[in-house]
Amino acid sequence: MKIAFVGCGYVFDIYMRTLWAHPELDIRGVFDIDTARSNVVSRHYGFHVYPSLDALLSDPEVDTVVNLTSIGSHFDVTQRALEAGKDVYTEKPVTTDLDRTRSLFALAHARGRILTGAPCNLFCDAVSTLMKAVRDGAIGRPVLVYAELDDNPAHMMQLEKVQSPTGAPFPYAEELQEGCTVEHVAYHLVWLCALFGPVQSVTAFSDFLIPNKTKTPLVPPDTPDFSVACLQFANGVAARVTCTWVSPRNHQMHIIGDQGEITADNVFHDQSPVHLERFSRVTLAARKAYTARTQPVIGRLFGVGGRRVPLVRRWKSHAVEAEKGVGSSLKHRFVSWLRRREIYAQDKLLGLAEMARAMREQRPQPLPPDFLIHLTELTLLIQRAGAQGVAKVPTTSFAPVPLLDDVLNSPMNYLQTYKPALLERAVAGLVEALHRR
Ligand SMILES: NC(=O)c1ccc[n+]([C@@H]2O[C@H](COP(=O)([O-])OP(=O)(O)OC[C@H]3O[C@@H](n4cnc5c(N)ncnc54)[C@H](O)[C@@H]3O)[C@@H](O)[C@H]2O)c1
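None of these values were measured; they are calculated from a predicted model.

**Student:** Help me understand the nonpolar core in this model?
**Tutor:** The nonpolar side chains of soluble globular proteins are, as a tendency, buried together. Of all hydrophobic cores here, the largest spans 105 residues; its most connected members are V6, L130, V190, L192 and C193. Ranked by residues supplied to this core, first place goes to helix α8 (residues 180–196) with 12 residues. Shared between two domains, this core takes at least three residues from each, and those domains are domain 1 (2–117) and domain 2 (122–314 + 368–408). What C193 contacts, discounting residues up to four positions off in sequence, is P198, V199, F371, H374 and L375. Ranked by size, the runner-up nonpolar core spans 7 residues in total, among them V282, A292, F302 and A421.

This is the structure:
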């Protein structure tokens, strides 16, 4: 696929970290209204720089425009690219206005072009593992989800000092102005909706809790830094999704079924550890004990929190297992290794790779228009719920998105291969006896 990037800011370098694993993506060039940025990127990665957006859009060699601009520019850039006859992959959210989002998809349809976009963590190994395990019946019937996106107290994080490997400053002012929900909630909504279908009702609350997170004046100054939403899915599953810039970091995905639970540690880590527990009298009783709850090593002996399971491996799994071409200093290599091991690892190009693959195989896009419009509506409902809270029925919906074939056909079967912990089996009789008079 012949692509060109519009926007060469902070996230651009994150996209570049996994480029080495995507030889099918042919980058024809880049453009940024900030020419200093496009020149830096050009020097570092050797890309051609277009002198203007028009020049990029009139290049017949470009099939697909990748929109990595600031959220406020998403609409204009996507609209112009579609009007120029290009397919578009956009960062999330498509826009922060439901009608404008709809109008872009209508334009794409009218022009016979594809419009799709982030987030692409839906396609990663950790999320694929959750989806396959649920399909296998490993937790019985899924009933409840707790999904957290606490991203640390922003006012303590010195966000002003954070830079990408090629020196793009982290756009902290924009992030705080747009808000943690607009920036992050889609990372959870994408897998929740893919797994459980459209949301039928949203009960949400959002609030602004910590002022003056930065000395930079913000417009508006009080975008919510906390939101929580209870979502009811068409298939009866309920989910509670939390986003904050107030609470210490917690990015867990936690699905509870009537027979067990499955937990992935980090929605920002494509290969996040996943633990599966099938409930037993022992695992449930052990949780009552303070030590089993608070000392994971002891808890695990009794099956609390379950066992770490091997991940489903997908066609681009290797992309986050190495980094090439972004930086080569000893410090960079050490930080990259530490980050990928402990903090987060995302293949941001996976969405584009899946887009290209669907086009090649003449399949519908894995994230189709009605799905992305629904995600936009949910994001905005939650962000704008306010401190009085709202209970709403979304106006949008989508046809179920099928599980990707290779995930469905993965040789892993998480129900059949599950084994309870040794001690869990050994003390089953004792736990029974202790519960009797
Ligand atoms: N920062 C992150 O960690 C992160 C992670 C995932 C997704 N995103 C998303 O990626 C997008 C970009 O984020 P970022 O962090 O790179 O922001 P950024 O502010 O660092 O970069 C945006 C770039 O777009 C350029 N730009 C703005 N309007 C333009 C226009 N009309 N034409 C051409 N260039 C234009 C800016 O000059 C800037 O260089 C946003 O949608 C954001 O939500 C960011």
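Now, onward.
**Student:** Is there a simple way to think about the sheet that holds strand β8 (residues 226–233) in this case?
**Tutor:** Read from one edge of the open sheet, 9 strands run β13-β12-β11-β10-β6-β9-β8-β7-β14, paired in mixed fashion. Every other strand in the sheet has two partners, leaving β13 (307–308) and β14 (390–392) as the edge strands with one partner each. In the sheet, strand β7 (residues 199–207) pairs with β8 via 8 bridges, with the strands oriented antiparallel. Its bridge partner being in β8, A204 is matched across the sheet by A229. The strands that helix α14 (residues 369–383) touches are β7, β8 and β14; relative to β7, the one it contacts most, it runs at about 35°.

**Student:** Explain the domain arrangement of the protein here, please?
**Tutor:** How big an interface is tends to be stated in terms of accessible area lost as the parts join. For the protein, the domain assignment lists domain 1 (2–117) and domain 2 (122–314 + 368–408). Taking the mean C-alpha position of each, domain 1 and domain 2 sit 27 Å from one another. Contacts between the two partners involve 21 residues from domain 1, matched on the other side by 19 residues from domain 2. Of all the secondary structure elements, the ones that give two or more residues to the side of domain 1 that touches domain 2 are α1 (10–16), α2 (35–45), α5 (98–111) and β5 (115–117). Here the side of domain 1 that touches domain 2 is built from residues that sort into 10 nonpolar, 7 polar and 4 charged.

**Student:** Looking at this structure, how should I read α2?
**Tutor:** Since the α-helix turns once every 3.6 residues, residues separated by three or four places project in the same direction. Among the residues of α2, R37, S38 and V41 are the ones counted as buried. Seen along its axis, α2 keeps its buried residues to an arc of 95°; they face one direction. More than 90 degrees from the buried face of α2, the exposed residues found are A36 and R43. Residues of α2 that are buried make contact with α1 and β2 (26–31). At the exit of α2 stands G46, carrying a positive phi of roughly 80°.

**Student:** How should the pairing of strand β6 (residues 142–150) be read in this particular structure?
**Tutor:** Remember that side chains alternate between the two faces of the sheet whenever the strand is regular. Both β6 and strand β10 (residues 253–257) contribute to a ladder of 5 bridges, which runs antiparallel. The partner of L144 across the bridge, within β10, is I256.

**Student:** Where do I start with the sheet that holds strand β4 (residues 87–90) in this structure?
**Tutor:** In spatial order, the strands read β2-β1-β3-β4-β5; together these 5 strands make up an open sheet with parallel pairing. For this open sheet the edge positions go to β2 and β5, each flanked by a neighbour on one side alone. Across the sheet, the mean angle from the axis of one strand to that of its neighbour is 25°, orientation sign disregarded. In the sheet, strand β1 (residues 2–6) pairs with strand β3 (residues 64–67) via 4 bridges, with the strands oriented parallel. Across the sheet, I3 pairs through a bridge with T64, a residue of β3. This element, helix α4 (residues 74–83), spans β1, β3, β4 and β5 of the sheet and lies at about 160° to β4.

**Student:** I would appreciate a short explanation of the packing of α5 against α14 in the present structure.
**Tutor:** Each pair of packed helices gets described by two things: the angle between the helix axes and the distance between those axes. For the pair α5 and α14, interaxial distance at closest approach is 10 Å and the crossing angle is 170°. The orientation of α5 with respect to α14, classified from their angle, is roughly antiparallel. Contact with α5, carried on its side by L98, T101, R102 and F105, involves P369, I373, T376, E377 and L380 of α14 and no other residues of that element. Tallied by class, residues from the contact of α5 with α14 come to 5 nonpolar, 2 polar and 2 charged.

**Student:** What is the right way to read the pairing of β3 from this model?
**Tutor:** What you see with β3 is no split at all: T64 and V66 on one side and V65 and N67 on the other are buried throughout. In this structure, β3 lies alongside β4, joined through 4 bridges in parallel fashion. Looking at the pairing, V65 lines up with V88 of β4. With α4 bridging β3 and its parallel neighbour β4, the resulting β-α-β unit is right-handed.

**Student:** When you look at unusual backbone geometry in this model, what are you seeing that I'm missing?
**Tutor:** For residues besides glycine, phi is generally negative; the peptide bonds are generally trans as well. Following K92, the chain continues to P93 via a peptide bond in cis, the omega torsion being -15°. Looking at the secondary structure, you find P93 in the loop between β4 and α5. In this structure, P119 follows A118 across a cis peptide bond, with omega equal to 5°. Among the secondary structure elements, P119 is positioned in the loop between β5 and α6 (125–136). Look at Q362: it is not a glycine, yet its phi comes out positive at around 55°. As for its placement among the helices and strands, Q362 is situated in the loop between α13 (350–360) and α14.

**Student:** In this structure, what is going on with the site of the ligand? I would like to understand it.
**Tutor:** Every one of the 25 residues lining the ligand counts as a neighbour, but G7, G9, V11, S73 and P171 are closest to it. Every element with two or more residues in the shell around the ligand is listed here: α1 and α4. Per element, the largest residue contribution to the shell around the ligand is 3 residues, and it comes from α1. Residues that form the shell around the ligand fall into these classes: 13 nonpolar, 5 polar and 7 charged. No fewer than three residues from each of domain 1 (2–117) and domain 2 (122–314 + 368–408) sit in the shell around the ligand.

So, how was this worked out
Counting restarts for each chain: residues are numbered from 1 in the order of the written sequence. Per-residue local features are limited, in this predicted model, to residues with pLDDT of at least 70; the limit for side-chain atom pairs, both in listing and counting, is 80 or more; totals at the level of whole chains, interfaces and linings are taken over all residues. To count as a nonpolar core, a set of buried Ala, Val, Leu, Ile, Met, Phe, Trp, Tyr and Cys residues must be joined through C-beta atoms within 7 Å. Neighbour counting defines burial: a residue surrounded by 20 or more other C-beta atoms within 10 Å of its own C-beta is buried, one with 12 or fewer is exposed, and intermediate counts give partly exposed, using backbone-placed C-beta atoms. Strands here mean DSSP runs of E at least two residues long; helices mean DSSP runs of H or I at least four residues long; both are numbered from the N terminus. Note that the domain bounds reflect an automated or database-derived domain assignment. Contact definition: two residues whose C-beta atoms, as placed from backbone geometry, lie within 7 Å. A pair of strands counts as paired when DSSP detects no fewer than two bridges linking them. Under this scheme, a helix contributes an axis fitted over its contacting stretch, all axes are lines through C-alpha atoms, and angles between N-to-C directions fall in the 0 to 180 degree range. Under the scheme applied here, ten amino acids are nonpolar (Ala, Val, Leu, Ile, Met, Phe, Trp, Tyr, Cys and Pro), four are charged (Asp, Glu, Lys and Arg), and all others, including Gly, are polar. Note that the arc is defined by the directions from the helix axis to the C-beta atoms. Any angle from 65 to 115 degrees is called roughly perpendicular, while one under 35 is roughly parallel, one over 145 is roughly antiparallel, and all others are oblique. Consider the strands pointing away from the viewer: the crossover is right-handed when the path from the first strand over the helix to the second runs clockwise. Here, nearness means that the C-beta atom of a residue, built from backbone geometry, sits within 6 Å of the molecule or strand in question.

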